[in-house]
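Residue-level structure breakdown
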Amino acid sequence: MPDGSIVRPYGDTTGDGMVQTSFTLPIPPGPKAEGAALQLANKMGIEPAMVVHSHGIGGQFTFFVVYGSVRHLVDLDAVHVEERAYPLLGSKEINSAIKDRLRRKLVVLGACIGTDAHTVGIDAILNVKGFAGEKGLEYLREMAVTNLGAQVTVPELVARARAERADAVLVSQVVTQKDAHLRNTRELAAAFREAMGEYRPLLVVGGPRFDPAMAADLGVDKVFGRGTTPGEVASYLVHALIPQEIPA
Ligand code: B12
């Protein structure tokens, strides 16, 4: 960590401001396309800029990688991020917290909603084989986990949550075209609010392009972003749903 709160990007020498970025322009490859990429890079504050890679895509488009120096500074004091507000627990601690303090299985339902068919993310969190060396929630013997898979409609999910008395509903949204992930999450939150009011389950959404700071705005309890591990999610469920004390 640097001493001061102001930092610049690093390439060859400390603070030289070097960054690399990639983008696609709707023009065929060639010198004019490279000139256009440099103009864009300059307008983005990258100056001097170099096209270090360019490649035609389908005849009418060109993909670029541009490398160059920015003058911008980063003020670390002005960076605000969502800090984890609960401890990371191991599977033994999670199982015994549920067994001793909830005294029944914790019921978890998972799904991808809308037209989204990207199931790898929700599977990484739920399936026994897990992700990043951690086992998924199905491995935890005190959790009753059902993974409903892809393209589940919100009404179906509400009905299943009610029928199974779900404690938590975990939803994955990977496709973000036209902000589909945000629209679908708001629809989910509104449907549960309407159907179950304050008795709704804990609503957790995740996907690579969510901002974890958006939970309240989206009407859900928690948002997880890219690289989330099953242990983080299981620890959150314990934090949010299990009483702190062993009931009398
Ligand atoms: C594999 C893949 C597919 C597979 C999906 C197979 C399957 N069963 O899932 C197939 C081939 C079917 C597919 C199809 C399509 N795909 Co695709 N796909 C991908 C790809 C290459 C990898 C996604 C993935 O598996 N990541 C690995 C998992 C582990 O990561 P993750 O999803 O981020 O999950 C982690 C976190 O986000 C988080 N998380 C995720 N969900 C949840 C949920 C909860 C509750 C929690 C707590 C955490 C959590 O935890 C996970 C572990 O850390 C991505 C590109 C990429 N490199 O990401 C494109 C990508 C997602 N696909 C894309 C597109 C456009 C499509 C199609 C529309 C293509 C087409 N024209 O047909 C279709 C859409 C199909 C549909 N109806 O949804 C785009 C989306 C663009 C956008 N802005 O929305 C991407 C980004 C590719 C791209 N750059 O264009 N795809």
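Residues numbered from 1 in each chain as written. Predicted model: local features only at pLDDT ≥ 70, side-chain atom pairs only at ≥ 80, totals over all residues. Heavy atoms only, no water.

Brief notes about helix α7 (residues 230-241)
Counted at 1.5 Å a residue, the expected span for α7 with its 12 residues is 16 Å, and the 16 Å between its end C-alpha atoms agrees. Among the residues making up α7, those that are buried are P230, G231, V233, A234, S235, Y236, L237 and V238. (Helix = DSSP H or I, 4+ residues; strand = E, 2+ residues; numbered from the N terminus. Expected span 1.5 Å × (residues − 1). Buried < 20%, exposed > 50% of the residue type's maximum accessible area, 1.4 Å probe, protein only.)

Thoughts on the coordination of the cobalt atom of the ligand
For a metal with four donors in a tetrahedral arrangement, the ideal angle between donors is 109.5 degrees, while six donors in an octahedron ideally sit at 90 or 180 degrees. Protein coordination of the cobalt atom of the ligand is limited to a single donor, H118 (NE2), positioned at 2.2 Å. If you trace the backbone, H118 turns up in the loop between β6 (106-112) and α3 (120-126). (Donors = N, O, S within 2.8 Å, 3.2 Å for Na, K, Ca; no water.)

As for the sheet that holds strand β7 (residues 143-147)
With parallel pairing, five strands are arranged side by side in an open sheet as β7-β6-β8-β9-β10. Only two strands of the sheet have a single neighbouring strand rather than two, namely β7 and β10 (222-224). Geometrically, the sheet is characterised by an average inter-axis angle of 20° between neighbouring strands, direction not taken into account. Here β6 pairs with strand β8 (residues 168-172) via five bridges, running parallel. Across the sheet, C112 pairs through a bridge with S172, a residue of β8. Sitting on the sheet, helix α4 (residues 154-163) touches β6, β7 and β8, and the angle it makes with β6 is about 170°. This element, helix α5 (residues 180-196), spans β8 and β9 (202-206) of the sheet and lies at about 170° to β9. (Pairing = 2+ DSSP bridges. Axes fitted to C-alpha atoms, helices over the stretch in contact; angles between N-to-C directions. Contact = heavy atoms within 4.5 Å.)

Observations concerning a nonpolar patch on the surface
On the surface, V74, V79 and V81 cluster together into a nonpolar patch covering about 250 Å² of accessible area. Mapped onto the elements, V79 comes out in the loop between β5 (74-75) and α2 (91-102). (Patch = residues over 30% accessible without salt bridge, like charges linked within 9 Å, V, L, I, M, F, W, Y side chains within 5 Å. Areas by Shrake-Rupley, 256 points an atom, 1.4 Å probe, with all protein chains shown as cover. Salt bridge = Lys/Arg side-chain N within 4 Å of Asp/Glu carboxyl O.)

Overview of the side chain of N127
Inspection of the secondary structure puts N127 in the loop between α3 and β7. Judged by its relative accessible area of 19%, N127 is buried. Contacts of N127, omitting those with residues within four sequence positions, involve K135, G136, E138 and N147.

Things to note about the site of the ligand
In the neighbourhood of the ligand, 28 residues make up the surrounding shell, with H118, T119, S172, T176 and T228 lying closest. At 2.8 Å, a side-chain N or O of H118 approaches a nitrogen atom of the ligand. Contact distances for the ligand include 3.3 Å between a nitrogen atom and a backbone N or O atom of G206. Of all the secondary-structure elements, those providing two or more residues to the shell around the ligand are α3 and β8. (Near = heavy atom within 4 Å. Polar contact = N/O pair within 3.5 Å; in protein donor to acceptor, adjacent residues only side chain to side chain.)

A word on the sheet that holds strand β2 (residues 18-25)
Here we have three strands laid out as an open sheet, ordered β2-β4-β3, and antiparallel in their pairing. Looking along the sheet, the strands with just one partner apiece sit at the ends: β2 and β3 (46-57). With strand direction ignored, the average angle separating the axes of adjacent strands in the sheet is 20°. Where β3 lies against strand β4 (residues 61-70), nine bridges are found, and the strand directions are antiparallel. Note on β4: the bridge partner recorded for V51 is V66. Lying over the sheet, helix α1 (residues 31-43) contacts β2, β3 and β4, oriented at roughly 140° with respect to β3.

Structural notes on α2
Relative to the 16 Å expected for 12 residues at 1.5 Å per residue, α2 spans 16 Å between its end C-alpha atoms, a close match to the ideal helical length. Among all positions in α2, only I94, N95, A97, I98 and L102 are buried. On an axial view of α2, the arc spanned by its buried residues comes to 160°, and they lie on one face. Looking at the buried residues of α2, the elements they touch are β6, β7 and α7. Two residues or fewer past α2, R103 is found with a positive phi of approximately 65°. (Arc of directions from axis to C-beta.)

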